[in-house]
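Examining the three-dimensional arrangement
As a plain string of letters, each chain reads:
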Amino acid sequence: MNKIINKKQFSEKVFLFEIEAPLIAKSRKAGNFVIVRVGKRGERMPLTIADADIERGTITLVVQKVGLSSIKLCNLNTGDYVTDVVGPLGNPTHIEKFGTVICAGGGVGVAPMLPIIKALKAAGNRVLSVIAGRSRDLVILEDEVRASSDELIVMTDDGSYGEKGLVTTGIEKFIHQEPKIDKAFAIGPPIMMKFSCLLTQKYNIPTDVSLNTIMVDGTGMCGACRLTIGGKTKFVCIDGPEFDGALVDWDEMFKRMGTFKREEQEELAHFEHHLDSSADTDIANKAHNSVELQNINPTDAPIEVLTDSKAEWRMALKKSMKPKERMSIERVKMPELDPVYRATTRTEEVNIGLTNEMALTEAKRCLDCPKPSCVEGCPVNIDIPSFIKNIERGQFLAAAKVLKNTSALPAVCGRVCPQEKQCESKCVHLKSGGQAVAIGYLERFAADYERESGNISMPEIAPNNGIKVAVVGSGPAGLSFAGDMAKRGFDVYVFEALHEVGGVLKYGIPEFRLPNRIVDVEIENLSKMGVHFLTDIIVGKTISVEELEEQNFKGIFIGSGAGLPNFMNIPGENAINIMSSNEYLTRVNLMDAANPTADTPINPARNVLVVGGGNTAMDSCRTAKRLGANVTLVYRRSEAEMPARLEEVKHAKEEGINFLTLHNPIEYIADENGAVKQAVLQVMELGDPDASGRRSPIPVEGKTVTLDIDQVVVAVGVSPNPLVPKSIKGLELGKKNTIVVNEQMQSSRQSIFAGGDIVRGGATVILAMGDGRRAATSMAEKLLY
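Residues numbered from 1 in each chain as written. Predicted model: local features only at pLDDT ≥ 70, side-chain atom pairs only at ≥ 80, totals over all residues. Heavy atoms only, no water.

1. Let's talk about helix H23 (residues 516–528)
- If you check H23, its first and last C-alpha atoms are 18 Å apart, about what 13 residues at 1.5 Å a residue would give, namely 18 Å.
- Regarding H23, the residues found buried are Asn516, Ile518, Val519, Val521, Glu522, Ile523, Asn525 and Leu526.
- Backbone geometry just downstream of H23 places Gly530 in the positive-phi region, at approximately 105°. (Helix = DSSP H or I, 4+ residues; strand = E, 2+ residues; numbered from the N terminus. Expected span 1.5 Å × (residues − 1). Buried < 20%, exposed > 50% of the residue type's maximum accessible area, 1.4 Å probe, protein only.)

Listed below in structure tokens is the structure:
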């Protein structure tokens, strides 16, 4: 929460806010912007920083009432709090001594132009400024601009003040007046920036513009702000926001600015619904549990007793059934919601969970092997036989205690980890042609039983050792690392860039697969262990690694993930209603865009195309189905090569998703408004296996299919976001900006460790958690011994 220190009204719809944000004030530079959110269901809105006062710890924003979010902000007053302010974001303005520079600001664009004018003047430039408004009352910050300019021209459309005319009139006046103009900057409405650039191009004057298009996260994670610059797709929030105006595809920008125009008008028509305080309460999500809370037996037994394979109780269990009897028991089937019903609800979990009786029966299938290969298949080395045997003897809380001894997120892992490719793939049942023990189902059961019982045990915590460590990112890797370090007595601080803790667990995985309340309980447990969580802080932007070290953080773990979405770079891909899976799922999952009371828009669609074959593609197509669309999943290989979990594929098919394999998009066709209306698909066939072992897709020459669609979700993978790693000096980077680490997860900088997607480029939840655990062990040894 950020307090409004001062509010000033320029005109009926334009306001200046001075907001408390000391870290941003200290680190911001000319050209940076922030993401602002008003209310628990508010939209993430980009606003360029107009000024900052380090001593007061404040930043200045100038806001014009335009849409729902800006109106809600402008309705706040001095003393009120803005829910979230995160930044500074974007690349700062390139400032040097150019010579003579024209700075043109139109409307509220004068505000972000002001710090640039000041910086240019401080660098020794001759600064010629043009500011404009439709009328006198819309001309802002005149005195401030004049104070830092060598000359100033004020323009008004109606001639009520200064000179009559547009910004371009003032720019051209300076061009004719001066012997040479070396550089120009233009900030304001896009149409004003376009025509300013067309004018300066005639005189060969390089001109930079600032493009704050629609954004969701502002850190490069979603790709919502992508634009064609110089013939290449750029992400405004990461690559900009300032670009050479001569390279901007202005027509594309104008169209993309109208992406949610209809939805935003609809929201304004129901403005009162967005102000209703009841809208700020979370919609309850249902995590089904079949557990019966009977004979709850909390255990005081130490973990050594619960995991002792030679313990008397354990030996008695082994003798109670012969191995053949155990192997003859059929694997349990997870109860599920009816497919027709579940395809209509976003917040009800598909898998209902095992009953007590089902869990007890499935636990009997475990042979309690002397050398359990299942543990070798688990990246976090859970003592699988021990937790299962505790279930078999009816000690469900003891089973949960065993799980939590090594896993920070058992209820999460029991739901989303690909056990069939990890622990269950090593089960001895498979060697005899049987089915593996349902380890994932049992993990979920034990974690859910503990949570629903209210008897949540905390792992043993070592005495505080007084050593502070920082965690960058609150996804699976960061949370796992944080939990293990807290158990060792470290003072752990987790820095999260978004406004909610959980990373991909919150923004990337739908609630019908992983309810938010499950994640929240796991995070709450970490808080009880002493882990501190700080949101809206971007390490490398809000605060640097060097500043963390100055604050006596002795070790830093980077688990910032791989949040940069991949696109296919095919014709038409920047059309309206073509989104990355990151953007689509973030809008729906994190921002709750499908909820009428939420401010974040999402366009309704009738025919959705989802491109990809992984779990994220399944999440996307099943989400689109729940939003009422007819959904087609397109994958360039056959179903046999799909990397998605078999369970997710099964669920998608049951819910009515159309599978179109051996097809690949090669072009998108847009309508007159720039919105996608068709996809041209190349028919594929399979060739020889590639490096991954899957057969390579080969185009069938001359054979294409065209589908009528009105929305596309591109789920073809992600790359590590360069925002964090590129901000750290002396950090060795690998392919696609991954952080290079050794076997101990230590980077080229001795105090910095890393794990998860930022190291691997892409990983499962459990692999990321394994990295976090390994890094915690290594860092603890380094700092303690």
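Anyway, onward from the coordinates.
2. Description of the nonpolar core
- With 75 residues, the main nonpolar core has Ile384, Phe387, Ile391 and Val492 as its most contacted residues.
- The dominant element in this core, judged by the number of residues it contributes, is helix H29 (residues 765–784), at 8 residues.
- Of all hydrophobic cores here, the second largest spans 73 residues; its members include Leu89, Leu211, Val539 and Leu609. (Core = buried A, V, L, I, M, F, W, Y, C linked by side-chain atoms within 4.5 Å.)

3. Describing the pairing of strand E2 (residues 14–20)
- With 6 of 7 residues buried, E2 lies mostly within the body of the structure.
- For strand E1 (residues 2–9) and E2, the ladder comprises 5 bridges, and the chain directions are antiparallel. Residue pairing for E2: Lys8 is matched across the bridge by Leu16.
- The loop that links E1 with its antiparallel partner E2 comprises 4 residues.
- Sheet analysis places E2 next to strand E6 (residues 58–64), joined by 7 bridges and oriented antiparallel. Pairing of Glu18 across the sheet is with Thr60, part of E6. (Pairing = 2+ DSSP bridges.)

4. A short note on helix H12 (residues 312–320)
- When H12 is considered as a whole, its buried residues turn out to be Trp313, Arg314 and Leu317. Relative to the axis of H12, the buried residues are bounded by an arc of 100° and lie together on one face. For H12, the exposed residues lying more than 90 degrees away from the buried face are Glu312 and Lys319.
- Its buried side turned inward, H12 meets helix H11 (303–306), helix H13 (323–328) and helix H17 (384–392). (Arc of directions from axis to C-beta. Contact = heavy atoms within 4.5 Å.)

5. Some points on the sheet that holds strand E25 (residues 630–635)
- Here 5 strands make up an open sheet; going across it, the order is E23-E30-E24-E25-E26 and the pairing parallel. Edge positions in the sheet fall to strand E23 (578–580) and strand E26 (658–661), since each has one partner strand and no second. Neighbour-to-neighbour, the strand axes of this sheet turn through a mean angle of 20°, independent of strand direction.
- Bridge analysis of strand E24 (residues 607–611) against strand E30 (residues 711–714) gives 4 bridges, and the strand direction is parallel. (Axes fitted to C-alpha atoms, helices over the stretch in contact; angles between N-to-C directions.)

6. Quick notes on the environment of Thr259
- Looking at the secondary structure, you find Thr259 in the loop between helix H8 (250–257) and helix H9 (261–269).
- For the pair formed by Thr259 and Ala780, sequence separation is 521 residues and the distance between their alpha carbons is 49 Å.
- At 2.6 Å, the side chain of Thr259 and the backbone oxygen of Arg256 are in polar contact. (Polar contact = N/O pair within 3.5 Å; in protein donor to acceptor, adjacent residues only side chain to side chain.)

7. What about the pattern of salt bridges?
- Across all of its chains, the model carries 52 salt bridges by this definition.
- The salt bridge partner of Asp448 is Arg415, with a shortest N-O separation of 2.9 Å. Of the two residues, Asp448 is situated in helix H20 (residues 439–453) and Arg415 in helix H19 (residues 410–416); the sequence distance between them amounts to 33 residues.
- By relative accessible area, Asp448 is classed as buried at 2%. (Salt bridge = Lys/Arg side-chain N within 4 Å of Asp/Glu carboxyl O.)

8. Re the side chain of Glu142
- Within the element layout of this structure, Glu142 appears in helix H4 (residues 142–147).
- Overall, Glu142 belongs to the buried group, its relative accessible area being 16%.
- Side chain to side chain, Glu142 and Arg146 meet in a polar contact 2.6 Å long.
- With residues near it in sequence (within four places) discarded, Glu142 still touches Ile131, Leu152, Val154 and Tyr161.

9. Remarks on the pairing of strand E9 (residues 100–106)
- Counting buried residues in E9 gives 7 out of 7 residues, a clear majority hidden from the surface.
- Side chains Thr100, Ile102, Ala104 and Gly106 of E9 all project onto a buried face; the interleaved residues Val101, Cys103 and Gly105 project onto the opposite face, where all are buried too.
- Inspection of the sheet shows E9 paired to strand E10 (residues 126–133) by 7 bridges, in the parallel sense. In the sheet register, Cys103 faces E10, and the bridge partner there is Ser129.

10. Quick look at the confidence of the model for the protein chain
- In the predicted model, the protein chain carries a mean pLDDT of 91, and 95% of its residues have values of at least 70.
- Here residues 277–284 scores under 50 on pLDDT; set against residues more than four positions off or in separate chains, the count is 10 contacts. (pLDDT = per-residue confidence, 0-100.)

11. Some details on the side chain of Asn589
- Its location among the elements puts Asn589 in helix H25 (residues 581–590).
- Among the polar contacts listed, one links the side chain of Asn589 to the backbone oxygen of Tyr507, at a separation of 3.2 Å.
- If we ignore the near neighbours within four places in the chain, the residues touching Asn589 are Lys506, Tyr507, Gly508, Ile509, Pro510 and Asn516.

12. Thoughts on the packing of helix H15 (residues 356–363) against H17
- Relative orientation of the contacting elements H15 and H17 amounts to 125°, with a least axis distance of 8 Å. Classified by the interaxial angle, the pair formed by H15 and H17 is oblique. H15 and H17 meet at a crossing whose hand is left-handed. On H17, the residues that touch Ala359, Leu360 and Ala363 of H15 are Ile388, Lys389, Ile391 and Glu392. (Parallel < 35°, antiparallel > 145°, perpendicular 65-115°, else oblique. Left-handed = near helix turned anticlockwise from the far one by under 90°.)

13. Side note on unusual backbone geometry
- A cis amide bond, omega -5°, links Gly87 with the succeeding residue Pro88.
- By secondary structure assignment, the location of Pro88 is in strand E8 (residues 84–89).
- The omega angle of the peptide bond from Gly240 to Pro241 is 15°, so this bond is cis rather than trans.
- When you line up the elements, Pro241 lands in the loop between helix H7 (236–239) and strand E17 (242–244).
- Despite not being glycine, Asn569 shows a phi value in the positive range, around 55°.
- When you line up the elements, Asn569 lands in the loop between strand E22 (564–565) and E23.
- Note on Asn569: relative accessible area 65%, which makes it exposed.
- Even without being glycine, Asn737 reaches a positive phi, approximately 70°.
- You can see Asn737 is positioned in the loop between strand E31 (718–719) and strand E32 (752–754).

14. A look at the environment of Ser751
- Summarising the element assignment, Ser751 is placed in the loop between E31 and E32.
- C-alpha of Ser751 to C-alpha of Lys726: the two residues are 25 residues apart in sequence and 17 Å apart in space.
- Not counting the four nearest positions on each side in its chain, Ser751 is found in contact with Glu549, Lys554, Gly555, Ile556, Met779 and Lys782.

15. What about the packing of aromatic side chains?
- Summed over all chains, the structure comprises 9 aromatic pairs.
- Aromatic side chains Tyr493 and Phe553 sit 5.5 Å apart centroid to centroid with 90° between the ring planes, which places their arrangement in the edge-to-face category. Highlighted residues: Tyr493 in strand E19 (residues 491–495) and Phe553 in strand E21 (residues 553–558), separated in sequence by 60 residues.
- Classification of Phe553 as buried rests on a relative accessible area of 5%.
- Through a chain of ring-to-ring contacts, three or more aromatic side chains come together here, namely Phe396, Phe445 and Tyr449. (Phe/Tyr/Trp six-rings, centres within 6.5 Å; stacked < 30°, edge-to-face > 60°.)

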